[in-house]
Amino acid sequence: DAIGTMMRGFFTKCPNVHWEVAPGGYKMANETTVEFDFVRTGVPNAEGRDTRQTGTEMVRYKKDESSGEFKIAQVSVTVHDTQVL
């Protein structure tokens, strides 16, 4: 639920956000973590202007013991560069 709450807040703040990931750009960092480099547009800066950002996102999954399904346990984003559009 915490991930869902965080994502709803993010998409409310950034309704025009868009990610681009190179074909084949998703890779397993380890057996429970997916990592990818991205170009993201539509995240406003402090002045409200949209930006273009390059970065790396890591999504860690954890197996839910009751259902056996893998669920998102943690999302971390490192922004390498930001340009104002």
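From a predicted model like this one, the values you see are computed outputs, not experimental measurements. (Residues numbered from 1 in each chain as written. Predicted model: local features only at pLDDT ≥ 70, side-chain atom pairs only at ≥ 80, totals over all residues. Heavy atoms only, no water.)

> Outline the pattern of salt bridges, supporting the account with residue identities and numerical values.
With the rule as written, the count across this model stands at two salt bridges. A salt bridge links Glu-35 to Lys-27, with the shortest nitrogen-to-oxygen separation between them at 3.9 Å. Across the pair Lys-71 and Asp-64 runs a salt bridge, and its minimum N-O distance is 3.6 Å. Judged by relative accessible area, which is 41%, Lys-71 ranks as partly exposed. (Salt bridge = Lys/Arg side-chain N within 4 Å of Asp/Glu carboxyl O. Buried < 20%, exposed > 50% of the residue type's maximum accessible area, 1.4 Å probe, protein only.)

> Tell me about the layout of surface pockets, and please be specific about residues and values.
There is about 300 Å³ of room inside the largest pocket. In terms of lining residues, the largest pocket is bounded by 16 residues, among which Met-7, Trp-19, Glu-57, Val-75 and Val-77 are the most central. Sorting the residues of the lining of the largest pocket by element identifies helix 1 (2-13), strand 3 (33-44), strand 4 (50-63) and strand 5 (70-84) as the ones contributing at least two each. (1 Å grid on protein atoms, 1.4 Å probe; cavity = no way out; pocket = protein on both sides within 12 Å on 5 of 7 lines; lining within 4 Å. Points joined across faces, edges and corners; volume = space filled by probe spheres on them. Helix = DSSP H or I, 4+ residues; strand = E, 2+ residues; numbered from the N terminus.)

> If you had to explain the pairing of strand 3 to someone new, which residues and values would you point to?
One ladder, built from three bridges, connects strand 1 (residues 18-20) with strand 3; its direction is antiparallel. Directly across from Trp-19, in strand 3, lies its bridge partner Arg-40. Taking the residues between adjacent antiparallel strands as the criterion, strand 2 (residues 27-30) and strand 3 are bridged by two residues. As paired strands, strand 3 and strand 4 are joined by 11 bridges and run antiparallel to one another. Each bridged residue has a counterpart across the sheet, and for Pro-44 the counterpart in strand 4 is Asp-50. Counting the residues in the hairpin turn of strand 3 and strand 4 gives five residues, including Gly-48, whose phi is positive at 90 degrees. (Pairing = 2+ DSSP bridges.)

By themselves, these observations are geometric and do not establish any function.
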